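So you can see what is in the structure, the chains are spelled out below.
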Amino acid sequence: DYWLNKLSQRPSISSLPARRPGAEGADLRSGSVGIVLAGELHQKLEKLTAGKPFLLYAALMATLKVCIYKYTGNNRIVVGSPARRNDSNSAEEANALAIIDEVDGRLTFKQLLLNVRQTLLDAYARQHYPFSRLLMDLGLSPVEKRGSLFDIALVLKELHTDLPEVGNSINIIFNKQPERITGVVSYHGTVHDRATVERFGHHHHERCRNGGE
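Residues numbered from 1 in each chain as written. Predicted model: local features only at pLDDT ≥ 70, side-chain atom pairs only at ≥ 80, totals over all residues. Heavy atoms only, no water.

Remarks on the overall build of the protein
Consideration 1: A tally of helices and strands in the protein yields six helices and six strands.
Consideration 2: Sequence separation of at least 24 residues holds for 68% of the intrachain contacts in the protein that already meet a minimum separation of 6.
Consideration 3: Surface summary for the protein: the accessible area is close to 10,900 Å², and the carbon and sulfur share equals 47%. (Helix = DSSP H or I, 4+ residues; strand = E, 2+ residues; numbered from the N terminus. Contact = heavy atoms within 4.5 Å. Areas by Shrake-Rupley, 256 points an atom, 1.4 Å probe, with all protein chains shown as cover.)

Regarding the packing of helix H3 (residues 53-72) against helix H6 (residues 194-209)
Consideration 1: Two elements in contact, H3 and H6, have axes separated by 9 Å at closest approach and are oriented at 125°. If you check the angle between H3 and H6, you find them oblique. Here the hand of the crossing between H3 and H6 comes out right-handed. Every residue of H6 that contacts H3 at Leu60, Thr63, Leu64, Val66, Cys67, Ile68, Lys70 and Tyr71 is listed here: Arg199, Phe200, His203, His204, Arg207 and Cys208.
Consideration 2: The residue makeup of the contact of H3 with H6, split by class, is eight nonpolar, three polar and three charged. (Axes fitted to C-alpha atoms, helices over the stretch in contact; angles between N-to-C directions. Parallel < 35°, antiparallel > 145°, perpendicular 65-115°, else oblique. Left-handed = near helix turned anticlockwise from the far one by under 90°. Nonpolar A, V, L, I, M, F, W, Y, C, P; charged D, E, K, R; others polar.)

Digging into the pattern of salt bridges
A side chain of one charge can pair with a side chain of the opposite charge if their charged atoms are brought near each other.
Consideration 1: Taken as a whole and judged by the stated rule, the model has six salt bridges.
Consideration 2: Residue Asp104 pairs with Arg106 through a salt bridge whose shortest N-O separation is 2.7 Å.
Consideration 3: Asp104 gets classed as partly exposed once you look at its relative accessible area, which sits at 27%.
Consideration 4: One salt bridge in this structure joins Asp137 and Arg133, with 3.1 Å as the shortest N-O distance. Linking Asp137 with Arg133, this pair stays in helix H5 (residues 131-137), spanning four residues, or about one helical turn. (Salt bridge = Lys/Arg side-chain N within 4 Å of Asp/Glu carboxyl O. Buried < 20%, exposed > 50% of the residue type's maximum accessible area, 1.4 Å probe, protein only.)

Topic: unusual backbone geometry
Consideration 1: In the Ramachandran plot, Ala50 falls in the positive-phi region, its phi being about 55° despite a non-glycine side chain.
Consideration 2: Turning to its location among the elements, Ala50 is positioned in the loop between helix H2 (39-49) and H3.

Brief notes about the pairing of strand E3 (residues 96-102)
The side chains of a regular strand alternate between the sheet's two faces.
Consideration 1: Burial of E3 is extensive: six of the seven residues sit out of reach of the surface.
Consideration 2: Where strand E2 (residues 76-82) meets E3, seven bridges bridge the pair, whose relative direction is antiparallel. Bridge assignment links Val79 to a residue of E3, and that residue is Ile99. (Pairing = 2+ DSSP bridges.)

Observations concerning the packing of aromatic side chains
The geometry of two aromatic rings is summed up by the distance between their centres and the angle between their planes.
Consideration 1: Per the counting criterion, the structure on display carries four aromatic pairs.
Consideration 2: Seen from their ring centres, Tyr2 and Trp3 are 5.0 Å apart, and the 80° between their planes marks the pair as edge-to-face.
Consideration 3: Taking the centre distance of 6.4 Å and the plane angle of 70° together, the rings of Phe54 and Tyr124 count as edge-to-face. Of this pair, Phe54 sits in helix H3 while Tyr124 sits in helix H4 (residues 109-124), and the two are 70 residues apart along the sequence.
Consideration 4: Residue classification places Phe54 among the buried residues on the basis of a relative accessible area of 10%.
Consideration 5: The lysine or arginine in question, Arg126, covers the ring of Tyr2, its NZ or CZ lying 4.6 Å from the ring centre. (Phe/Tyr/Trp six-rings, centres within 6.5 Å; stacked < 30°, edge-to-face > 60°. Lys NZ or Arg CZ within 6 Å of the ring centre and 35° of its normal.)

Side note on H3
Consideration 1: In this model H3 runs 28 Å from its N-terminal to its C-terminal C-alpha over 20 residues, within 8% of the 28 Å that 1.5 Å per residue would give.
Consideration 2: Among the 20 residues that make up H3, 14 are buried, leaving the element largely enclosed by the rest of the structure. (Expected span 1.5 Å × (residues − 1).)

As for the environment of Glu198
Consideration 1: With respect to the helices, strands and loops of the structure, Glu198 is situated in helix H6.
Consideration 2: In this structure the C-alpha to C-alpha distance between Glu198 and Ile35, which are 163 residues apart in sequence, comes to 9.3 Å.

Topic: the pairing of E2
Consideration 1: E2 sits mainly inside the fold: seven of its seven residues count as buried.
Consideration 2: What you see with E2 is no split at all: Arg76, Val78, Gly80 and Pro82 on one side and Ile77, Val79 and Ser81 on the other are buried throughout.

Any link to function would need more than the numbers given here.
Structural data, given as C-alpha cells:
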C-alpha cells in the first residue's frame, strides 16, 4: 500500500536533458565522470552527518534533488536507491527503490534534509517489495535506458546492496573514505552527452559545498 500510494500519481522522470537526436560529432559511447568531495567540504559533511553513512547518504540525496529541481523545474523529484544493507551477517536481497520527495524553493535545506531522511527511513522499512512487482502492479513496462520510475540512481557503497539493472541511464556511486568521498557518475552515451554529465557533476559538487543553495 505504501508504494502504490506513493506512486499512484506517477511523477515526471527526474533527469538531465537528453542528447539532441542526430547531433553532429556525437560520441554515443557510455562513459563516466568522477567527483571528489575533499578538504573543507569533506569536513563539513562529516560534521553535518556525524560520520554516519545513512546521514551522509541523506545529505547527498537532498543536494542531488535540489540540483535536479534546478535542472527540471519539477517539484516532485524521484531518484533511485538500492536496498539498505542490514546490520546482521545475513545477505540482503538486491532491490531498487523509488525515493520521492517534494522540493519547494521556500524550504530551507535543513527542512528538506529532514524530509529526505524520513522518506528514506520509510522506504527502507518497506524495501522488500520487489521493483519488478511494483512495475507490474502499476501497469508499467520497463523502459530501456531511461527507467520506468526513475532515471538517476544514487548509491553509497557503505550503506547499500548492489543496484539491480532497471534500465535507468545515470548511476551516481559514492564511496566513503577516511579523508574524502569519491564518486563516479556513469551514463548511457546514447541518451546523454558527456558535457552535460560533467556539468551536472560539477553542479552537484557545488550544491554539496553550499548546503543545497
